[in-house]
Amino acid sequence: MTGFMSELNKKITPLNRLKLSSFKLPLYFWLSMLSFAIVISSMVYYLILQNESRIVQAAQISSNGLASFVGDYLEKHQLLVKSIASHHQDRILQLSKGGGYPYDLAEITEDIRSLFPSQTEFAIINPKGDIVIGSNLDQMGEKCHTLIKETMKSSAAAVSRVSAHRSPSGEYHFDVLFPIIAADEMAGFWVKLSFKPLERFIVNLNIKEYDLVITEQMPPYHVLLGKDITNKARAPLSDNFEYLEQELEDIVFKDVLAIAPISSVAWQVRAIQNTEVYRELVEDIIIIALAVFLAVFFVVTLVYLFVRGVHEEKEKIRQDAVHDQMFNAGPTILLEKQTDQYMSILYASPNVSSLFGKSSKEVVKTPYLDWICPDDALMVRQTLLDAFKGKTSTVEMVYRIKNANNEGAKWIYDLSHILYNSAGKPESIRGYITSVHAQKTAEKNATDLIQSVPEAIFVLDLDGKIVNTNRAAEYLLACDKEALVNVLFSHWLEAESLVQYEHVKRQFIGALTPEKEPLPNIDTFYLRDSKGHQLSVEISFNHIELNGEPLLVQVVRDVTLQMQVQQQLSFAKEQAEALAKARSRFVATISHEIRTPMNGVLGMTDLLFDTALTPQQEQYLQAIKHSGDVLLSIINEVLDFAKLDEGQVVLNQAEFNLKGSIEETLHLLSPMAEEKGLALSFNYSDQLPENYLGDVLRMQQLLFNLVGNALKFTETGQVQIQVSPVAGDISRLLIEVVDSGIGVASEHLNKLFDSFTQADESTSRQFGGTGLGLAICKQLVDLMGGSIGVSSELNKGSTFWVKLPLEATQSVDETQGKDKQIHLQNPDDSPLPLAGKTVLLIEDNSINQRVIEAFVERLGAKIDIAENGLKGVDYWRLDAHKYQLILMDCQMPVMDGFEATKIIRKEERMSLQSHPIPIIALTANVLTEDKEKCYQVGMDDFLAKPINREQFDATLIKWAG
């Protein structure tokens, strides 16, 4: 009944877990949102770069256009100066020598006024560079004088020279000086021109993203025309985008977008970025991107929550239908209750009316506590509170509930499963309720009958535990009934009576048969009551059945007075015996007290894990061991891959047993399958022989990688290994590894056997690994002259297949006989260490059964195999003296190894076995608490899976040799 309810509870539990996750978003949701955020960020980055590129291109075009315009502008004014100088050449030569007429100067001034702005200044220069005459000569700066002198000294041809510099008023202007050379005469014609006409042209361009300026070509690049931003600080991004400041500094924000030189002069046009405008544009793009992301996130979240809510509602309806179908006709009633103070009923199976007299709809949402009899309500509440504190998942209770009309009550048995949330707090109580009213009524009648008997009566189960007593029994042992019930009757016996009592009781139980009732036995024993008084009693045994359960009825009669005379006569002898016994006990205690710490000191040095470690130290050791195993696995894979890649691996061709090597490999991987709850099966075709010629180590490495890969990527279901001939040819093998794992998408199949490659990055993050396992498999298969491939469907599993050419050996039977003979004999033909012994193996995994059977037979012992704890106990009960050792797997169906060990040890104590049979645990769990649990239930030693051959042999020889 308890096992059935536990299995049922496992099936129902996922619904409650589903409820707990109602307000949680899964990892793949957040990963998708993160991916979308990355896409949005990339788009923002792309738009900013595209805009920046557009502005740079526009700035380059504008700079080139302005440079061309300024060049044309200067060339035009140079031609005008040259034309005036050529037209008035004679007048200028005469004026430069101090001659000429005022009329000559007036003619030149008129031409200047007609071709240039009215405020344009000019001057006539003599060969020495001195100014002879001109307009507004008092406004001419020192730099103008210096330029004129240098130009006149260095000019060797009639070529005009243009130069820009700052005037005394602080404004930049440019000078055009045209030297005039005629025969041996030389003079210069100088004109001062303003940049203002060009400035109006630049202003009319009306460009917001950047400013165009004219500067010198050489450092420090003085600005001749345009805004001077040399010392202007950039405006930072707004506070909301400070984190982008450094990222965009080197990518987007630039001082100079383009540079274009101006022909014939040492000037250039520069396009200077307008950072304020540009930063506003960047902020607008980012704000729009954030708004889009938040809108999409909100919509997707609402859609996901809606779809999940619909799915959860459908799942709840389906689960309720399953519950109704399961409990509609059976005697067991299912009630699901809240953990509040009233225990409100959340669900009631349809058959609840048989117990409560109301339909399930009427019962739901009512307080369950109101149905419990007031005398039992406190006990029920306290039992559940104790279970909550201890995080207990299962509670058994027997109590009374009221009838529908509140007249009388019914006894029920309540097997309650408590469901806890992820925080460890109780969420709901699922109770499986069965009526035990008839049983309780029968017990009451039997109790009334027992109470009326004047002799002390003890009702025992077959294990010797007190089930019920009468008042005479309480008076005999001077204690209340509560101190007697559920206590072994042998607890009250004196030591000298214990063996005799157990022997008599065992004889009486053994004589019980359905056809014949045994005669009552009457024997004398010694008891000690709760006050320490020794009593001499006669005990007679009788047999009854209550609700189909066999019970013993002991009638105990006090004969202390009759025994006092005999006790006084033997007092002296007893005193001497007591003294001897005390002395022996003292010597044994001292020996034990000395031997125990010595064994501890010696034993604790074997393994570091057997030392007294704190939980934190043990956690560190486990982390170090796990990290070391993973690192070693990675290193081995890398080394194997490197050797295979460089062609350093040479196959060692030798005869080997293919089927046995596969079974040994699967044995090494069976703990991993057991830990994940996966079924690991192996099918070897009957058409194939077992012995082949090849490299057994490389074959096992190939299988280990393929099967290990299948186990790693399979969470539920099974992994199957199938070996068969290709088209009936036994020299060509087809090895298939079929799993029900996550599968591989079709677009990733072609790169699955590449090195350092997995199906996708999410697989590597979730399951880990180097991505070398399948690459090594392919290289090994290629080295063996075979082929490897895979067929897979996403979320439905994969099938990895290998085709290998292997030569089958001819003398299969002879080779097997020789191999067996070698393993069953020692090199010096001495007897095997366990010859003549018999071992009982209790193991559910068929592969482990075959491997351990071979290990045991190599030591010379015989072996019997049971596939679960219940059958193993039956084997032992049938012939306990046949076996010298039991190998006990801890995790098995029907009955696990812990429960089986408890039963064996209990029956050994009842039968007063002086030499209990050694029991060795077989388990993949190697934590300290796992070992302690094995020892607590009565196991003698511990072997971890996968089994180490040397440790296995040493342990079996130690306990059974």
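Rules and cut-offs
Residues numbered from 1 in each chain as written. Predicted model: local features only at pLDDT ≥ 70, side-chain atom pairs only at ≥ 80, totals over all residues. Heavy atoms only, no water. Helix = DSSP H or I, 4+ residues; strand = E, 2+ residues; numbered from the N terminus. Contact = heavy atoms within 4.5 Å. Areas by Shrake-Rupley, 256 points an atom, 1.4 Å probe, with all protein chains shown as cover. Pairing = 2+ DSSP bridges. Axes fitted to C-alpha atoms, helices over the stretch in contact; angles between N-to-C directions. Parallel < 35°, antiparallel > 145°, perpendicular 65-115°, else oblique. Left-handed = near helix turned anticlockwise from the far one by under 90°. Nonpolar A, V, L, I, M, F, W, Y, C, P; charged D, E, K, R; others polar. UniProt positions renumbered as here; feature names shortened; annotations may be inferred. Buried < 20%, exposed > 50% of the residue type's maximum accessible area, 1.4 Å probe, protein only. Salt bridge = Lys/Arg side-chain N within 4 Å of Asp/Glu carboxyl O. Core = buried A, V, L, I, M, F, W, Y, C linked by side-chain atoms within 4.5 Å. Patch = residues over 30% accessible without salt bridge, like charges linked within 9 Å, V, L, I, M, F, W, Y side chains within 5 Å.

Help me get a handle on the overall build of the protein, residues and values and all.
Helix and strand counts for the protein come out as 27 helices and 32 strands. Across the protein, every contact between residues at least 6 apart in sequence was considered, and the portion connecting residues at least 24 apart equals 60%. Here the protein displays about 52,700 Å² of accessible surface, and carbon together with sulfur accounts for 55% of that area.

Break down the sheet that holds strand β28 (residues 838-842) for me, with residues and values.
Ordered by their spatial adjacency, five strands build an open sheet running β29-β28-β30-β31-β32, and the pairing between neighbours is parallel. Strands with a single pairing partner mark the edges of an open sheet, and in this sheet they are β29 (862-866) and β32 (941-944). When strand polarity is set aside, the average angle formed by the axes of neighbouring strands in this sheet is 20 degrees. In terms of strand pairing, strand β31 (residues 919-923) meets β32 through four bridges, oriented parallel.

Pulling in residues and values, what's your account of the packing of helix α24 (residues 869-878) against helix α25 (residues 897-910)?
Running from N to C, α24 and α25 point in directions that differ by 25 degrees, and their axes come no closer than 9 Å. By the criterion of interaxial angle, the relationship of α24 to α25 is roughly parallel. Every pair of crossing elements has a handedness; the one defined by α24 and α25 is right-handed. Facing α24, whose interface residues are G869, V873, W876 and R877, α25 presents A900, I903, I904, E907 and E908. Its residues placed into classes, the contact of α24 with α25 shows five nonpolar, one polar and three charged.

Explain the UniProt feature "modified residue: 4-aspartylphosphate" (unreviewed entry) in the protein residue by residue, including any values.
In this structure's numbering, the residues bearing the UniProt feature "modified residue: 4-aspartylphosphate" (unreviewed entry) are D889. Mapped onto the secondary structure, D889 falls in strand β30 (residues 885-889). The class for D889 is buried, based on a relative accessible area of 2%. Once you skip the residues sitting within four places of it in the chain, D889 turns out to touch I842, E843, D844, G897, L922 and K945.

Outline the pattern of salt bridges, listing residues and values.
Taken as a whole and assessed by the stated rule, the structure comprises 22 salt bridges. Taking the shortest distance from any N to any O, the salt bridge between K778 and D782 comes out at 3.2 Å. Linking K778 with D782, this pair stays in helix α21 (residues 773-783), spanning four residues, or about one helical turn. Looking at D782, the relative accessible area reads 42%, which means it is partly exposed. When the shortest N-O distance is used, the salt bridge between E908 and R905 registers 2.9 Å.

Please set out the nonpolar core residue by residue, giving values where relevant.
L74, F174, F189, F195, I214, I262 and W267 are the most contacted members of the largest nonpolar core, which has 56 residues in total. If one sorts the elements of this core by residue count, helix α2 (residues 27-87) sits on top with 14 residues. L666, L688, V737 and F753 belong to the second-largest nonpolar core, a separate cluster that totals 42 residues.

Tell me about a nonpolar patch on the surface, residues and numbers included.
On the surface, F298, V299, L302, V303, F306, V307 and V310 cluster together to form a nonpolar patch covering roughly 680 Å² of accessible area. Turning to its location among the elements, F298 is positioned in helix α8 (residues 275-327). With a relative accessible area of 53%, F298 lands in the exposed category.

Now, about the sheet that holds strand β1 (residues 121-125): what can you tell me, with residues and values included?
Hydrogen bonds between backbone atoms are what pair the strands of a sheet, whose relative direction is either parallel or antiparallel. The sheet built from five strands is open, its strands ordered β2-β1-β5-β4-β3 with antiparallel pairing. Of all the strands in the sheet, just β2 (131-134) and β3 (161-166) have a single pairing partner and so form its edges. Taking the axes of each pair of neighbouring strands and ignoring which way they run, one obtains an average angle of 25 degrees across the sheet. The pairing of β1 with β2 spans three bridges and is antiparallel. Paired with I125 across the bridge in β2 is I131. Relative to strand β4 (residues 172-182), α2 is tilted by about 40 degrees, and along the sheet it contacts β3, β4 and β5 (185-194). Running at roughly 140 degrees to β1, helix α4 (residues 102-115) makes contact with β1, β2 and β5 of the sheet.

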